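Structural overview for review
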Amino acid sequence: MEDQRNHRISRRHLLESAGVAAGIGLASQITPASAAPQSTTPFFQRNQESTKLTFWGQFPELLDPFKAVMADFNAAHPEIEVEVEMTTNDQYKTKIQSALNVGSGPDLYMVPAQPEMNNYVNAGALVDVTDSVDLSQVIDVAKDAVTIDGKVWASPSGRYTVGICYHRNLFEEAGVTEEPTTWEEFRAVMQQLLDAGITPYSIAAKDGSLTYFNYIGLASSVLGTEGFEQVLSGEKKLTDPDMVAVVQEMRDWVPFYQQNFLGTPYAEAKALFATGKTAMMDCGSADLSGYYEIDPDAQLGFFYWPAADADHSQVTNTGMSVMYGINPAIDESKMNAAITFLNWVATPEGAQSMNRNIKLLPVVEGVEPEGDPILTEMVNSPLDIPVWYERWPTLNIGTVWTTDGNSAFDTDTPPDEFAAKLQASVDEQLANAPVATPAS
Amino acid sequence: MAIAMPQAERAPNRDRLALVLGIAAAVLLLIALLLMNRLESRYAFLTLGAFVLVSAFFLTLTYPKRPYIAFIFPAVVIYTMFVIFPAGAAFRYSLYNWTGLGPATDFIGAGNYSEILRDPQFRDALWNNVQLFLAIFVIQNAIGLPIALALDTKLRGHEFYRSALFLPVIVSLVATAYIWQIILGPNIGMLNPLLVDLGHPEWQRDWLADTFLTFKLIWIVQAWQHIGVPIVIYLAGLQSVPTDLKDSARVDGGNSWQVFRGVTFPMLAPAFTIITITTFIAMFRAFDIPYVLGGPGGAPDGTTDVLSLVIYREAFGLGGIVGSQYRQGYAVAAGVVMFAFLIVAVSIQAIILRRREVAM
Amino acid sequence: MSSGAIDAGTLPASVSRKRRSLKDTLVSITIHALLILAVIFALLPVVLAFLASFKSLFDFYDNPLGLPAKWEWHNYTSVWREAHIADYARNSVIVTFVSVPLIVVLSCLAGYGLTRYQFRFSRTIYLYFLAGLLIPIQLTILPSLLQMKALHLVNTHAGLITLYTALGLPFSVFLMAGFMNTMPGELAEAARLDGAGELRAFWDVVVPLTKPALATVAILNGVSIWNEFFLALILSPGTPTLQVGINNLRGYYSTEWGYIFAGVMVAALPVILAYVLLTKQFIRGLTAGALKG
């Protein structure tokens with residue numbers, strides 16, 4: 001009986017907001033779960049003033065900063081509270097997908113970037129917010145990142161830019177005065193550090209994470225924007241001599257990596273760098289707050305990926321992070337609150353809060369990164385190329401590094417063998433391109 | 001009419017009614033399960049209510065003549081509802097090309113299955129499971145059995161030894177993960193500094209990234225966690241061997257080995273059977289330790305891959321910060337193949353080992 | 001190694017116990033030495049984790065082996081306070097302490113029904129339960145989640161309890177049936193003939209005799225439910241258990257290993273304690289059931 005009543009009320013609520021109705025309607029055709037949305041909150045709580053939203057994310061290390069963001073939001077909208085729940089990133093997808101599949105889960109969740117986002121859209125696991133969320137102040141690249149087939153599916157809250165972070169004091173100790181700008185200079189700097197008894201570079205190969213970022217950074221410095229587009233279209237091969245040279249270059253750096261880098265997972269590589277055991281590491285803007293938390297006095301510096309040679313440009317890789325989406329299984333009485341939150345994220349106020357707390361680069365026009373000069377430096381990158389997993393053809397490059405990464409450093413095999421594995425994954429993706437390819 | 005019926009003739013009627021009620025209960029349960037699977041909560045609850053009611057009548061009727069039905073009933077129902085039915089329901093997914101999100105619509109029949117049979121990662125993983133089982137089988141009989149024999153002599157401290165050796169069995173997956181990271185981990189690991197302290201710095205290795213060694217370490221860690229079980233069961237088996245049997249064999253002039261071979265070991269046959277089969281099942285389902293030491297990708301380079309990891313990886317991707325793909329349909333198909341394999345393999349083992357028990 | 005142990009396994013039990021020769025002493029010393037080695041291998045990792053829980057981050061790198069430079073008790077207080085360990089512990093306690101009695105009762109009834117009566121399908125039903133031991137858990141997660149959702153049990157203790165109970169049954173029925181096979185059947189028979197009802201006979205005669213097996217089923221399931229991770233993660237994120245909680249510490253404290261191990265110790269302590277206190281019942285029931293199954 002009670003179910004039925006909820007159902008009827010829900011219909012009325014639905015009609016109140018046309019944009020929302022479109023989303024729910026779409027979802028209900030696809031998942032039986034959302035055909036009969038059921039409330040988990042008792043009926044009597046509906047009329048209370050305050051609405052509680054739940055949010056799931058994949059950065060347990062940023063739990064407190066996210067809580068601070070939600071506190072800022074609550075200050076602006078006292079009638080809405082957002083509860084944060086974090087899961088380690090290797091289990092996040094297991095958890096969110098299972099929940100979305102049966103129409104349970106949180107009200108708001110962190111949506112992966114395209115092309116993975118397509119799966120979520122196709123599955124009806126996101127509410128269409130085209131008509132209800134105002135992205136007019138958001139920069140174009142971020143708008144594109146949440147738009148599929150002309151519809152908006154999430155609210156972008158920040159970007160991260162990947163380059164190389166270093167400890168200024170360790171550079172000084174080794175007598176390094178200039179930030180390197182080319183591969184050759186970079187190698188010289190690492191040699192200088194090594195001679196001074198400092199481990200130059202922290203890297204993680206166990207889960208393929210940082211070797212992968214190293215690869216796309218160096219490869220991007222060879223390719224440039226045009227070259228990258230050619231890789232995506234299949235005109236340029238990762239097995240070309242200049243691309244094989246990237247794998248070789250990484251091999252040449254092996255003496256500069258920390259001992260046992262092959263067995264080092266991401267978190268440990270980070271810990272080594274954070275505690276000053278190594279001088280440099282791949283580094284994105286979102287990593288900074290973690291480093292300062294471990295060592296508040298850390299003297300961090302940042303430079304772009306060095307250029308292959310003087311004819312090329314230095315480069316950074318940028319990806320979208322923390323896109324807030326709405327779960328179609330949300331209780332309708334909370335829908336307005338969720339929409340309010342997504343709108344707030346896309347305002348200067350929300351963007352500033354995300355930037356201040358999470359150290360992501362803002363994606364709202366006119367909002368400058370504050371607090372850390374490194375963030376400004378990141379924004380001013382001479383050449384910025386997307387992280388490769390945000391493009392369909394190169395989606396699985398990371399998988400190759402994760403499952404086959406040791407062979408990249410195996411000196412018994414020529415480097416072009418590994419390059420061939422990378423290209424094979426691109427070829428496979430190109431052969432299996434989805435019907436609706438995201439704008440790239 | 002019914003009142004006039006003599007007592008003796010009512011019994012068959014009663015049986016027939018019980019049978020009807022039993023079938024009705026089973027049908028109602030099935031309907032309730034199907035409704036649940038389609039998320040039709042209200043009807044599922046109603047049907048479940050009807051099921052409980054009919055079952056109550058059914059049990060009341062059968063109890064006087066067949067009380068065992070009432071004893072078994074609750075366990076069978078709960079087990080069927082929440083273990084067997086979900087496994088059956090999952091089978092449907094294996095017939096679809098399905099990422100794991102949203103509805104499964106792309107029906108491909110046996111497509112996933114034929115792909116599995118050709119999939120080298122599945123074959124390699126299966127071979128790793130075989131190796132893992134053989135390794136543990138050898139370790140538990142070459143080390144576990146002698147330990148059990150030693151403990152059976154009730155030597156001083158035998159209870160302490162037994163308890164200590166069993167302790168790793170009760171350590172959780174999450175704790176195991178952390179514990180072995182601080183031993184084998186390349187940066188915070190304690191094994192490498194220990195080797196330096198022992199004067200053998202050249203023995204240091206990148207333990208978790210060695211295409212040869214890492215999988216062998218998985219054997220050892222698996223043995224660490226598992227060996228308490230065979231020790232304890234062998235011990236119980238030994239305690240059921242009557243002492244006078246051994247004594248009389250020795251008086252007959254047998255040496256220790258002959259006594260062991262001729263008297264003790266045959267008596268251990270039931271223990272050997274149960275240990276071999278449970279180890280087989282455990283090692284073919286092994287997930288925790290390979291996941292902890294090798295990660296979902298079976299690092300390094302797939303050398304630590306096992307069946308459960310393949311299933312997990314296909315279902316939920318590699319996790320982590322770089323993107324990856326997932327195919328729930330394929331994963332479920334792999335799970336079904338693994339289940340079928342286990343059923344056949346375990347049945348064959350059980351038959352062979354039981355026959356051997358009798359022969360000895 | 002093996003022949004030495006076998007010598008020991010048979011010799012001292014025999015006549016030679018009286019006149020201990022030098023050889024016997026040597027053999028006994030060797031055996032003890034080997035056993036101690038095995039015990040060190042079994043316990044050292046746990047001890048290291050215990051020590052690690054008192055170390056500071058820098059201690060970790062500078063002094064990986066050996067005792068903490070300074071015993072950081074505040075690792076424990078911090079982790080308890082900041083990381084909601086108390087909430088996780090409460091969830092674990094509720095889930096474990098409700099599921100276990102349910103499993104014990106259900107499996108005891110089923111074990112009795114399957115072994116003390118002769119009927120056509122008893123073997124089949126017994127095998128039906130055993131099949132549950134072979135089902136890969138990854139297979140059933142999604143359909144289980146659907147069921148939980150339909151029953152409104154997602155994110156509730158009741159949901160986890162239901163699943164843990166069902167999943168605990170195959171092995172528990174196996175153990176109970178095995179144990180009951182070893183019991184003399186005449187007692188229950190006699191009680192029944194005396195006119196006691198089936199349930200009375202079961203309750204007054206069978207249950208007291210089955211206590212060791214009941215204890216084993218309880219402890220074994222208690223440990224595995226307390227330690228369970230994946231189902232708790234996926235099926236009940238709203239009521240995170242200790243295992244889910246300490247798994248999240250890795251992200252939360254990314255590098256503060258001392259805190260992480262303090263959390264691990266807090267989660268492991270109840271299980272270790274229960275095991276130490278109840279080790280006899282635990283092992284006795286396990287072996288009796290396993291061998292006669």
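The present account deals with the structure reproduced in this document. (Residues numbered from 1 in each chain as written. Chains lettered and ligands numbered in written order. Predicted model: local features only at pLDDT ≥ 70, side-chain atom pairs only at ≥ 80, totals over all residues.)

Quick look at the overall build of chain A
So the rule is basically this: Strands here are runs of E lasting at least two residues and helices are runs of H or I lasting at least four, both read from the DSSP assignment and numbered beginning at the N terminus. Counting other C-beta atoms within 10 Å of each residue's C-beta, where C-beta atoms are placed from the backbone, gives the exposure class: buried for 20 or more, exposed for 12 or fewer, partly exposed between. Each residue gets a C-beta atom placed from its backbone, and two residues are in contact if those atoms lie within 7 Å.
Regarding its fold elements, chain A presents 18 helices and 11 strands. Within chain A, the fraction of its 440 residues that count as buried is 58%. Taking all contacts inside chain A whose residues are at least 6 apart in sequence as the whole, residues at least 24 apart take part in 78%.

Focus: the packing of helix H4 (residues 63-76) of chain A against helix H15 (residues 348-358) of chain A
Relative placement of two packed helices is described by the angle separating their axes and the distance separating the axes. Residues and elements named next belong to chain A. For clarity, the cut-off: Axis angles are defined between N-to-C directions and span 0 to 180 degrees, where every axis is a line fitted to C-alpha atoms and, for a helix, only to the segment in contact. An angle counts as roughly parallel when it lies under 35 degrees, as roughly antiparallel when it exceeds 145, as roughly perpendicular when it falls between 65 and 115, and as oblique in every other case. Handedness of each helix crossing follows the sense of rotation of the near helix against the far helix: counterclockwise by less than a right angle gives left-handed, clockwise gives right-handed. The residue classification treats Ala, Val, Leu, Ile, Met, Phe, Trp, Tyr, Cys and Pro as nonpolar and Asp, Glu, Lys and Arg as charged. All others, Gly included, are polar.
Viewed as axis vectors pointing N to C, H4 and H15 meet at an angle of 155°, and their least axial separation amounts to 9 Å. Judged by the angle between their axes, H4 and H15 are roughly antiparallel. H4 and H15 meet at a crossing whose hand is right-handed. Across the interface between the two elements, Pro65, Phe66, Ala68, Val69, Asp72 and Ala76 from H4 touch Glu349, Ser353, Met354, Asn357 and Ile358 from H15. When grouped by side-chain class, the residues that make up the contact of H4 with H15 number seven nonpolar, two polar and two charged.

Here's the deal with the interface of chain C and chain B
In this complex, chain C contributes 89 residues to the contact, which on the side of chain B involves 81 residues. By residue number, the principal contributor to the side of chain C that touches chain B is helix H14 (residues 257-292) of chain C, which donates 15 residues. By residue class, the composition of the side of chain C that touches chain B is 64 nonpolar, 22 polar and three charged.

Some points on the nonpolar core
Condition: Buried Ala, Val, Leu, Ile, Met, Phe, Trp, Tyr and Cys residues whose C-beta atoms connect them within 7 Å together make up a nonpolar core.
Counting 335 residues, the largest nonpolar core has Ala338 and Phe341 of chain A, Ile72 and Tyr234 of chain B together with Val264 of chain C as its most contacted members. Setting aside chain neighbours within four positions, we find valine 264 of chain C in contact with Ala175 and Tyr178 of chain B together with Ala49, Ser53 and Ile246 of chain C.

Re the environment of tryptophan 127 of chain B
Residues and elements named next belong to chain B. The residue tryptophan 127 is located in helix H5 (residues 120-152) in this model. On the neighbour-count criterion, tryptophan 127 (12 C-beta atoms within 10 Å) is exposed. A sequence separation of 96 residues divides tryptophan 127 from alanine 223, and the C-alpha atoms of the two residues are 18 Å apart.

A look at the packing of H5 of chain B against helix H13 (residues 269-284) of chain B
Residue and element names in this part refer to chain B. Running from N to C, H5 and H13 cross one another at 145°; their axes reach a closest spacing of 9 Å. As H5 packs across H13, the resulting crossing turns out to be right-handed. Contacts between H5 and H13 pair Asn129, Leu132, Phe133, Ile136, Phe137 and Gln140 from the former with Ile275, Thr276, Thr279, Phe280, Met283 and Phe284 from the latter.

Topic: the interface of chain B and chain A
On the side of chain A, 44 residues touch chain B, which itself brings 34 residues to the contact. Residues that form the side of chain B that touches chain A fall into these classes: 14 nonpolar, 16 polar and four charged.

A look at helix H18 (residues 415-431) of chain A
Residue and element names in this part refer to chain A. Selection criterion: Residue count minus one, scaled by 1.5 Å, sets the expected span of a helix. Our arc is simply the arc of the directions from the helix axis toward the C-beta atoms.
In this model, H18 (17 residues) spans 25 Å end to end at C-alpha, consistent with the 24 Å of a helix rising 1.5 Å per residue. If you check which residues of H18 are buried, you get Pro415, Phe418, Ala419, Leu422, Gln423, Ser425, Val426 and Gln429. Along H18, the residues classed as buried sweep out an arc of 150° about the axis, all on the same side. Turned more than 90 degrees from where H18 packs its buried face, Glu428 and Ala431 sit exposed. Where the residues of H18 are buried, they touch helix H10 (209-233), helix H11 (241-252) and helix H17 (397-404).

Worth remembering: the numbers are spatial, not functional.
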